[in-house]
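If you want the building blocks of each chain, they are given just below.
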Amino acid sequence: MHSWKTLNTSYVFKTPFGNLRKDECELPNGQKIENYYVNEYADWVNAIVLTKENKIVLVEQYRYAAQDFFLEIPAGKPEGNEAYENAILREVR
């Protein structure tokens with residue numbers, strides 16, 4: 001199996017939470033894909049928290065893009081130079 005080659009790359013936009021990158025790629029068979037979009041996300045942490053009764057702890061989050069509430073595992077982005085361990089403890093709290 002062979003990997004794809006990146007022929008060109010440029011950023012559509014950049015934000016503190018992540019970036020959208022546009023690549024031009026060449027597949028091993030020579031086919032070119034001119035517009036391959038890649039979401040680059042900032043580092044984040046996730047936790048699967050089990051209670052003493054072996055139940056999974058979920059949090060209810062409002063997601064603007066979907067205009068709805070969802071149940072999710074505790075997760076979030078470290079703040080500043082916050083260690084991953086501290087970030088996940090904060091998110092679980």
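Residues numbered from 1 in each chain as written. Predicted model: local features only at pLDDT ≥ 70, side-chain atom pairs only at ≥ 80, totals over all residues. Heavy atoms only, no water.

Helices and strands together make up the secondary structure of the chain, namely one helix and seven strands. Along the chain, helices and strands appear, N-terminal first, in the series β-β-β-β-β-β-β-α. A compact globule built from 93 residues would reach a C-alpha radius of gyration of about 12 Å, whereas the chain, at 19 Å, exceeds it by more than 25%. Projected onto its principal axes, the C-alpha coordinates of the chain cover approximately 55 × 30 × 30 Å. Nonlocal contacts in the chain, meaning residues at least 24 apart in sequence, comprise 29% of its contacts between residues at least 6 apart. (Helix = DSSP H or I, 4+ residues; strand = E, 2+ residues; numbered from the N terminus. Rg over C-alpha atoms; globule rule 2.2 N^0.38 Å. Contact = heavy atoms within 4.5 Å.)

Further remarks concern the packing of aromatic side chains. How two aromatic rings sit relative to each other is set out by the distance from centre to centre and by the angle between their planes. Following the criterion strictly, the structure yields three aromatic pairs and no others. With a centroid separation of 5.4 Å and an interplanar angle of 80 degrees, the aromatic rings of W4 and Y36 are classed as edge-to-face. Of this pair, W4 sits in the segment before β1 (5-15) while Y36 sits in strand β3 (residues 32-41); the two residues are 32 residues apart in sequence, bridging distant segments of the chain. With relative accessibility at 37%, the residue Y36 sits in the partly exposed group. The ring centre of Y11 lies 4.3 Å from the NZ or CZ of K14, which sits over that ring. Stacked on the ring of F17, the Lys or Arg K77 has its end atom at 5.4 Å from the ring centre. (Phe/Tyr/Trp six-rings, centres within 6.5 Å; stacked < 30°, edge-to-face > 60°. Buried < 20%, exposed > 50% of the residue type's maximum accessible area, 1.4 Å probe, protein only. Lys NZ or Arg CZ within 6 Å of the ring centre and 35° of its normal.)

Ordered in space as β1-β2-β3, the three strands form an open sheet in which the pairing is antiparallel. Of all strands in the sheet, those with a lone pairing partner are β1 and β3, marking the two edges. Averaged over all pairs of adjacent strands, the angle between their axes in this sheet comes to 20 degrees, without regard to strand direction. Of the pairings in the sheet, the one linking strand β2 (residues 18-26) to β3 comprises eight bridges and is antiparallel in character. (Pairing = 2+ DSSP bridges. Axes fitted to C-alpha atoms, helices over the stretch in contact; angles between N-to-C directions.)

Positive phi values are uncommon outside glycine, yet N54 reaches one of about 60 degrees. Tracing the backbone through its elements, the reader meets N54 in the loop between β4 (45-46) and β5 (59-63). Phi is positive for Q67, which is not a glycine, with a value near 55 degrees. Here Q67 is to be found in the loop between β5 and β6 (68-72).

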